[in-house]
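Chain residues, written in single-letter form:
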Amino acid sequence: MAGCSGQTDRYAIEGYVVRKEGGSILVVSSDPQDFRSTGGLKEFYNAILVSSAPARVNIGQKVQVWIDGGIAESYPGQGKAGKVLVVPSSPRDGASLSEEEAIRQALKQEESRLEHMIPVIRAVHYDKQADTWMIQIKDAHERTEFDVRIKDE
């Protein structure tokens, strides 16, 4: 997405908000891209540090982000929010927590472990029988992958 200029009809990234600091959010895609054909990674996860994000956007939410101007070619990329839409998650049958709340709790619980990672939310499952959420988190740099269990309370 590097070098994109102006706002288009297509968002620059869809992913989960995994960090929020001041007016910036870190959005990481859950869908990997395969760049092996050009000598790149088998699993590349797009990540953009978005400045000027609306205050109403929270960690754990899935969002679509349009960028105002270009995206810096760093990793994660960097750009200014043009528009941010929250993608509503569907309620899980029998769950007290929303998907967003379960992800937020998982990220908080693993905060020290995630400090030097770019966390990818690979999967989110709710087990009604166990009344437990399972959030699968992966380091975007492919070093580590682990599951976090959150009791639905």
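Conventions used here
- What you see as residue numbers is a count from 1 along each chain, following the sequence as written.
- The predicted origin of the model limits local features to residues at a pLDDT of at least 70 and limits the giving and counting of side-chain atom pairs to 80 or more, whereas totals for whole chains, interfaces and linings rest on all residues.
- Where side-chain values are given, they derive from all heavy atoms of the structure, hydrogens and water being excluded.
- Strands qualify as paired when DSSP identifies two bridges or more between them.
- The secondary structure listing takes helices from DSSP runs of H or I that are at least 4 residues long and strands from runs of E that are at least 2 residues long, numbered from the N terminus.
- Here an angle of 0 to 180 degrees is reported between the N-to-C directions of two axes, which are lines fitted to C-alpha atoms, with helices fitted over the stretch in contact.
- Only the six-membered ring of Trp is used, alongside the rings of Phe and Tyr, when aromatic pairs are assigned; centres must lie within 6.5 Å, and planes under 30 degrees apart are stacked while those over 60 apart are edge-to-face, with the rest tilted.
- Remark: exposure states derive from per-residue accessible area (1.4 Å probe, protein chains only) relative to the maximum for the residue type, with buried under 20%, exposed over 50%, and partly exposed in between.
- Here, over-ring charges are defined by two tests on the NZ atom of lysine or the CZ atom of arginine: distance to the ring centre within 6 Å, and angle to the ring normal within 35 degrees.
- We define a polar contact as two N or O atoms separated by no more than 3.5 Å, with the added condition that, inside protein, one atom must be a possible hydrogen donor and the other a possible acceptor, whereas residues neighbouring each other in sequence contribute only through side-chain atom pairs.
- Two residues qualify as a contact provided that any one of their heavy atoms is within 4.5 Å of a heavy atom in the partner residue.
- Within this document, salt bridges are pairs made up of a side-chain nitrogen of Lys or Arg and a carboxyl oxygen of Asp or Glu, the two lying within 4 Å of each other.

Draft legend 1. Geometry of the sheet that holds strand β8 (residues 145-151). On the basis of which strands lie adjacent, the open sheet formed by three strands has the order β6-β7-β8 and antiparallel pairing. Since the sheet does not close on itself, it has two edges, and those belong to β6 (119-127) and β8, each with one partner. The average undirected angle you get between the axes of adjacent strands in this sheet is 20 degrees. As paired strands, strand β7 (residues 132-139) and β8 are joined by seven bridges and run antiparallel to one another. The partner of Met134 across the bridge, within β8, is Arg149.

Draft legend 2. Representation of the packing of aromatic side chains. All told, the structure shown has four aromatic pairs when counted by the stated rule. Taken together, a centroid distance of 5.7 Å and an interplanar angle of 85 degrees make the contact between Tyr11 and Trp66 edge-to-face. Of the two residues, Tyr11 is situated in the segment before β1 (13-21) and Trp66 in strand β4 (residues 62-72); the sequence distance between them amounts to 55 residues. Side by side, Tyr11 and Trp66 carry an identical accessibility label, which is buried. Arranged with centres 5.4 Å apart and planes meeting at 55 degrees, the rings of Phe44 and Tyr75 form a pair that is tilted. Of this pair, Phe44 sits in the loop between β2 (24-28) and β3 (47-51) while Tyr75 is found in the loop between β4 and β5 (77-87), placing the two residues 31 residues apart along the sequence. One aromatic cluster is present, formed by Phe35, Phe44 and Tyr75 through successive ring pairs. One residue, Lys83, lies across the ring of Trp66, its end atom 4.1 Å from the ring centre. Across from the ring centre of Phe146, 3.6 Å away, lies the NZ or CZ of Arg113, which sits over that ring.

Draft legend 3. Representation of the pairing of β2 in the model. Of all five residues that make up β2, four are buried, and the element is covered over most of its length. Hairpin geometry of β1 and β2 is characterised by an intervening segment of two residues between the two adjacent antiparallel strands and by a positive phi of about 60 degrees at Gly22. Examined bridge by bridge, β2 and β3 share four bridges and lie antiparallel to one another. By the bridge assignment for β3, Val28 is matched with Ala47.

Draft legend 4. Looking closely at the side chain of Gln64. Among the secondary structure elements, Gln64 is positioned in strand β4. Polar side-chain contacts of Gln64 include one of 2.7 Å to the side chain of Glu14. Excluding residues within four positions of it along the chain, Gln64 makes contact with Tyr11, Ile13, Glu14, Lys83, Val84, Leu85 and Val87.

Draft legend 5. Representation of the pattern of salt bridges. Applying the stated criterion across every chain, the model contains nine salt bridges. Salt-bridge contacts for Arg36 lead to Asp34; the nearest nitrogen and oxygen are separated by 2.5 Å. For Lys138, the salt bridge identified is with Glu145, shortest N-O distance 3.9 Å. Residue class for Lys138 comes out buried when judged on its relative accessible area of 7%. Given a relative accessible area of 38%, Glu145 falls into the partly exposed group. Each member of the salt-bridge network shares a partner with another, and the members are Glu43, Arg122, Lys138 and Glu145.

Draft legend 6. The sheet that holds β5, seen in detail. Strands sit in the order β1-β2-β3-β5-β4 around a closed barrel of five strands; the barrel is mixed. Neighbour-to-neighbour, the strand axes of the sheet open up by a mean angle of 50 degrees, direction not taken into account. Bridging between β1 and β4 involves four bridges; their strand directions are antiparallel. Each bridged residue has a counterpart across the sheet, and for Glu14 the counterpart in β4 is Gln64.

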